[in-house]
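# Summary of structural features
Each chain, written out:
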Amino acid sequence: MQQYKCLFTILLILTSGIVFAQKIEKTKNFQVEDLKSKKTGISFRFWIDGQIIEIEQSAELVYTGRIINIAEEQPVDPYSQKGKSAQPYTMYFQINELPEEKVICAFEIMNAYKISDLPDGKSVPGWNREFLDGYSYMTEQNLNGEYQEKNYSNPSRQTDLQAATNLMDFYAELKRNLGLGRSFNTFFNKLKVGCYKTERGGYYLQCRKSKMYVFFYRLLKKKNKTKKLPSIKNHLN
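Here's what I pulled together on the structure shown here. (Residues numbered from 1 in each chain as written. Predicted model: local features only at pLDDT ≥ 70, side-chain atom pairs only at ≥ 80, totals over all residues. Heavy atoms only, no water.)

## Examining the overall build of the protein chain
Convention followed: Elements are defined by DSSP. Helices are runs of H or I of four residues or more, strands are runs of E of two residues or more, and each kind is numbered from the N terminus. It only takes one pair of heavy atoms within 4.5 Å for two residues to be counted as in contact. Methods summary: accessible areas were calculated by the Shrake-Rupley approach with a probe of 1.4 Å, and residue burial reflects only the protein chains presented.
Looking only at helices and strands, one finds six helices and nine strands in the protein chain. Long-range contacts, defined here as pairs at least 24 residues apart, represent 63% of the contacts in the protein chain between residues at least 6 apart. Accessible surface for the protein chain amounts to roughly 15,600 Å². Of this, 55% is attributable to carbon and sulfur atoms.

## As for the packing of aromatic side chains
Heads up, the condition is: Under the pairing criterion, centres of Phe, Tyr and Trp rings, with the six-membered ring standing for Trp, must be within 6.5 Å; the plane angle then separates stacked pairs below 30 degrees from edge-to-face pairs above 60, leaving the rest tilted.
Enumeration according to the criterion identifies 13 aromatic pairs in this entry. Here the aromatic cluster, defined as three or more aromatic residues joined through ring pairs, consists of Phe44, Phe46, Tyr137, Phe170 and Tyr171.

## Quick word on the packing of helix H2 (residues 100–112) against helix H3 (residues 162–178)
Selection criterion: Only the contacting stretch of a helix is used when fitting its axis, a line to C-alpha atoms as for every element, and angles between N-to-C directions run 0 to 180 degrees. When describing relative orientation, an angle under 35 degrees is termed roughly parallel and one over 145 degrees roughly antiparallel, while 65 to 115 degrees is termed roughly perpendicular and anything else oblique. Each crossing is labelled by how the near helix is turned from the far one, with a counterclockwise turn of less than a right angle marking it left-handed and a clockwise turn marking it right-handed. The residue classification treats Ala, Val, Leu, Ile, Met, Phe, Trp, Tyr, Cys and Pro as nonpolar and Asp, Glu, Lys and Arg as charged. All others, Gly included, are polar.
The contact between H2 and H3 brings their axes to 10 Å, and the two run at 165°. The orientation of H2 relative to H3 falls into the category roughly antiparallel. H2 and H3 meet at a crossing whose hand is right-handed. Residues Lys102, Cys105, Ala106, Ile109 and Met110 of H2 form the contact with H3, whose participating residues are Phe170, Glu173, Leu174, Asn177 and Leu178. Across the contact of H2 with H3, the residue classes tally to seven nonpolar, one polar and two charged.

## Focus: H3
The condition that has to hold: To estimate how far a helix should extend, the number of its residues minus one is multiplied by 1.5 Å. The buried label goes to any residue with under 20% of its type's maximum accessible area, the exposed label to any with over 50%, and the partly exposed label to all in between, with areas taken from a 1.4 Å probe on protein chains only.
Here H3 is 17 residues long and its end C-alpha atoms lie 24 Å apart, about the 24 Å a rise of 1.5 Å per residue gives. For H3, every residue scored as buried is listed here: Ala163, Ala164, Asn166, Leu167, Met168, Phe170, Tyr171, Leu174 and Leu178. Positioned one or two residues after H3, Gly179 has a phi angle of 65°, which is positive.

## Quick notes on H2
If you check H2, its first and last C-alpha atoms are 18 Å apart, about what 13 residues at 1.5 Å a residue would give, namely 18 Å. Of the residues making up H2, those classed as buried are Val103, Cys105, Ala106, Phe107, Ile109 and Met110. Summarising the contacts, the buried residues of H2 are in contact with strand E2 (42–48), strand E3 (51–57), strand E4 (63–73) and H3. Just downstream of H2, Lys114 is the residue with a positive phi angle, here 55°.

## Focus: the side chain of Ser153
Relative to the assigned elements, Ser153 resides in strand E7 (residues 146–153). When neighbours within four sequence positions are excluded, Ser153 is seen to be in contact with Trp127, Asn128, Arg129, Tyr135, Ser136 and Gln158.

## Points about the pattern of salt bridges
Selection criterion: A pair is scored as a salt bridge if a Lys or Arg side-chain nitrogen falls within 4 Å of a carboxyl oxygen belonging to Asp or Glu.
In total, this model carries nine salt bridges according to the counting rule given. Between Lys38 and Glu33 there is a salt bridge whose closest N-O contact spans 3.1 Å. Put simply, Arg45, Glu54, Arg66, Glu97 and Glu140 are held in one network by salt bridges that share partners.

## Here's the deal with the pairing of strand E6 (residues 136–143)
Filter applied, for reference: Here, strands pair whenever DSSP counts at least two bridges between them.
Among the eight residues of E6, six are classified as buried, and the element is accordingly described as predominantly covered. As paired strands, E2 and E6 are joined by six bridges and run antiparallel to one another. Its bridge partner lying in E6, Ser43 is registered against Asn142. Linking two consecutive strands that pair antiparallel, namely E6 and E7, is a turn of two residues; a positive phi of about 55° is found at Asn144 within it.

## Quick look at the nonpolar core
Inclusion rule: We call a set of buried residues a nonpolar core when its members are Ala, Val, Leu, Ile, Met, Phe, Trp, Tyr or Cys and they connect through side-chain atoms within 4.5 Å of each other.
Counting 29 residues, the largest nonpolar core has Phe46, Leu167, Phe170, Leu174 and Leu178 as its most contacted members. Those elements that place two or more of their residues in this core are E2, E3, H2 and H3. No other element matches the eight residues that H3 contributes to this core. Within the second largest apolar cluster, eight residues are counted, among which are Trp47, Ile68, Phe93 and Met138.

## So, unusual backbone geometry
One non-glycine residue with positive phi stands out, namely Leu61, at about 65°. Within the fold, Leu61 resides in the loop between E3 and E4. Look at Leu61 and you get exposed, because its relative accessible area is 53%. Of note in the backbone geometry, Lys114 takes a positive phi value of approximately 55° without being a glycine.

This is how it looks when you write it as structure tokens:
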């Protein structure tokens, strides 16, 4: 009987932080729920590179949330499409439900950094929107019927601004506590070999390589690194 108790304890520990992963689906027109129509409760959505994080607190204090991994398939040669009429590409997405304790944790992080009070990037004095590289972020929130959408371009390159620092610290905490990196990598590594657009509103490409390509790339990289290492004999001389 004791061994079953130990087994149950181990399983409880292993599943306490689990994210309930769903199958990967595909569509030509990906859409999320319109938060503007909500009248009660708190809804928050965070758009980042390749992911959408949604957390909700109902008026009855029921906590729900999910991580949505998303990638848009791109042609092998993007330049071959130049001059042609735009066409919708296949969007791959995966909705991972979050357990209640993870949603509560996300709300605590959001409150700690006062993200719901953070003004839009355009309203922050000194915010530079001229950068063409780096990532852009977007938040949507509905606080008891009051909806707001806020955009932030390249906050990681504006560490002299407290608002930008708060946003990036919030993202880092969210990423660590919700396992965002692991969630996206697990999703992305299940896609077929090819290139995908992952940045919202931009054109950041991530390419999924074949296992054989990765193996030989790592092997070649390891050999080159070994060749560059100076010998002990040269150091002694």
